[in-house]
Amino acid sequence: MPRPDLSARSHRIQPFHVMTLLARARELEAGGADIVHMEIGEPDFPTAAPVREAGRQALADGRTGYQPAAGLPALREAIAGHYQRDHGVEVDPGRILITPGASGALLVALAMLADPGRNVLLPDPGYPCNRNFVEAVDAMPRAVRVDAGSDYQLTPGLAAAACDERTAAMLVGSPGNPTGTLASAADLAGLAALGQRRGIGLIVDEIYHGLHYDGAPAQALAHAPDAIVVNSFSKYFGMTGWRLGWMVVPADWVPVAEKLLQNLFISASTPAQYAALACFTEASREIFEARREAFRQRRDFLLPALRDLGFHIPGNPAGAFYLYADITALGDDSADLASGLLEQAGVAVTPGLDFERTAPERHLRFAYTTDTDRLATAVSRIQRYLAAGG
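None of these values were measured; they are calculated from a predicted model. (Residues numbered from 1 in each chain as written. Predicted model: local features only at pLDDT ≥ 70, side-chain atom pairs only at ≥ 80, totals over all residues. Heavy atoms only, no water.)

1. Describing the layout of surface pockets
Roughly 650 Å³ of volume is contained in the largest pocket. Around the largest pocket sit 27 residues that line it, and Ile40, Gly41, Glu42, Lys235 and Thr240 are the ones nearest its centre. Listing elements by their share of the lining of the largest pocket, those giving two or more residues are helix H2 (17-30) and helix H5 (101-113). Counting residues per element, the lining of the largest pocket draws most heavily on H2, at four residues. Looking at the lining of the largest pocket residue by residue, the classes come out as eleven nonpolar, eight polar and eight charged. (1 Å grid on protein atoms, 1.4 Å probe; cavity = no way out; pocket = protein on both sides within 12 Å on 5 of 7 lines; lining within 4 Å. Points joined across faces, edges and corners; volume = space filled by probe spheres on them. Helix = DSSP H or I, 4+ residues; strand = E, 2+ residues; numbered from the N terminus. Nonpolar A, V, L, I, M, F, W, Y, C, P; charged D, E, K, R; others polar.)

Next comes the structure, spelled out in structure tokens:
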């Protein structure tokens with residue numbers, strides 16, 4: 001019997017290449033090699049103790065059944081309080097929906113806005129899975145080149161030049177992955193105004209909010225109140241494996257988002273939701289802020305160290321935990337350089353292939369998700385590798 005053909009969609013969706021690199025790094029470690037991991041966007045800190053304890057208590061209390069698709073009411077209220085306390089923005093808890101990771105939120109947002117055959121504007125470079133989320137709803141990702149001139153952010157001018165009558169949405173990230181740059185309040189307001197004029201949706205990925213080092217990023221809901229805003233418990237709150245996020249949608253879109261969540265996911269993890277309630281306690285906040293300061297110190301060490309080695313890092317990487325470096329002065333192919341650093345120097349970094357279509361061979365992403373001593377080890381190894389002609 002012949003097997004059915006796989007869908008065209010499944011062929012269009014590209015692999016997350018960094019996972020192949022991670023697998024090779026693990027193989028080398030299994031063989032006894034010491035690898036400094038700077039490839040994965042996962043904080044090296046474990047989930048904070050108060051959050052772990054809240055999760056254990058939820059399991060002990062038998063809180064393991066389904067929740068409403070929109071999420072645990074107490075958690076939605078806690079997130080609304082977080083917006084009011086930390087950002088000065090009042091958000092009706094009814095507009096907040098809890099999702100299985102920010103990935104679930106992004107997929108629902110795109111399913112709401114993008115019909116098959118329509119296009120979605122994405123900054124290039126940008127988070128690779130966003131292209132694939134667009135493909136998953138049979139829409140077309142449209143890469144818009146961003147560079148140091150726009151601090152690697154999609155501006156209203158760039159978006160206006162790239163959109164057409166088939167454009168359904170714009171998706172921006174602030175702080176951004178892989179560049180760590182922030183969208184300005186003026187740009188968020190300008191993108192929102194463009195969307196209103198042209199009937200184009202705006203999705204703002206704020207997954208790295210909280211991880212900022214030179215002043216707080218603009219809050220999209222303050223400047224683009226009709227945007228769909230996506231956030232996560234994975235980065236600032238350190239709950240990566242719990243797979244929990246949220247989205248804020250305009251009030252009249254809540255039934256649509258809830259309907260999609262019901263059908264696609266039923267509900268997010270119940271123990272994870274109860275655990276996440278502890279993220280908004282003062283004890284947890286102290287932990288998160290101490291970790292943010294540790295990330296700032298790492299950035300402040302790594303950024304000048306890489307520049308001294310010849311990596312060109314333009315712009316203002318003021319958030320997240322990434323540095324996106326131009327390697328032109330050091331080599332012709334970032335994939336080759338990443339492979340050499342891994343195999344010969346024991347340093348795992350991510351080539352630009354995952355993040356952009358314009359000039360992937362010119363760029364590497366460095367994640368400072370390991371402590372400063374290990375970053376110093378990595379810098380020394382990179383220096384020796386380059387000096388040896390690698």
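From this point, things continue past the structure.
2. Structural notes on the sheet that holds strand E11 (residues 350-351)
Across the sheet, three strands lie side by side as E9-E12-E11; this open sheet has antiparallel pairing. This sheet does not close on itself; its edge strands, each paired only once, are strand E9 (322-326) and E11. For E9 and strand E12 (residues 363-367), the ladder comprises five bridges, and the chain directions are antiparallel. Counted as the bridge partner of tyrosine 324 is arginine 365 from E12. (Pairing = 2+ DSSP bridges.)

3. Quick word on empty space enclosed by the protein
As enumerated under the stated definition, the model contains three cavities of 30 Å³ or more in all. The volume enclosed by the largest cavity comes to roughly 230 Å³. For the largest cavity, the lining is made up of 23 residues, of which Pro123, Pro125, Gly126, Tyr127 and Asn177 are closest to its centre. If you list the elements that add at least two residues to the lining of the largest cavity, you get strand E3 (119-124), helix H6 (128-136), strand E4 (140-145) and strand E5 (167-173).

4. Regarding the packing of helix H12 (residues 282-309) against helix H14 (residues 372-387)
Each pair of packed helices can be summarised by the angle the axes make with each other and by the distance between the axes. Running from N to C, H12 and H14 point in directions that differ by 5°, and their axes come no closer than 10 Å. Compared by their axis directions, H12 and H14 come out roughly parallel. Between H12 and H14, the contacting residues are Arg298, Phe301, Leu302, Ala305 and Leu309 on the first element and Thr372, Leu375, Ala376, Val379, Ile382, Gln383 and Leu386 on the second. Counted by class, the contact of H12 with H14 contains nine nonpolar, two polar and one charged residues. (Axes fitted to C-alpha atoms, helices over the stretch in contact; angles between N-to-C directions. Parallel < 35°, antiparallel > 145°, perpendicular 65-115°, else oblique. Contact = heavy atoms within 4.5 Å.)

5. Considering the nonpolar core
Here is a general trend for soluble globular proteins: nonpolar side chains tend to be buried in one another's company. In this structure, Phe233, Met247, Phe311 and Phe366 are the most contacted members of the largest nonpolar core, which totals 123 residues. Sort the elements by how many residues they give to this core and H5 lands first, with eight residues. For phenylalanine 366, the contacting residues outside a window of four places in its chain are Met38, Leu302, Leu306, Phe311, Phe321, Tyr322, Leu323, Ala325, Val349 and Ile382. (Core = buried A, V, L, I, M, F, W, Y, C linked by side-chain atoms within 4.5 Å. Buried < 20%, exposed > 50% of the residue type's maximum accessible area, 1.4 Å probe, protein only.)

6. Quick notes on the packing of aromatic side chains
Under the criterion given, the structure shown has 18 aromatic pairs. Consider the rings of phenylalanine 233 and phenylalanine 280, whose centres lie 6.1 Å apart with planes at 75°: the pair is edge-to-face. Here phenylalanine 280 lies in the loop between helix H11 (270-277) and H12 and phenylalanine 233 lies in the loop between strand E7 (228-232) and strand E8 (245-248), a separation of 47 residues in the sequence. A connected cluster of aromatic rings, assembled from ring pairs, spans Tyr83, Phe233, Tyr236, Phe237, Trp246, Phe280 and Phe288. (Phe/Tyr/Trp six-rings, centres within 6.5 Å; stacked < 30°, edge-to-face > 60°.)

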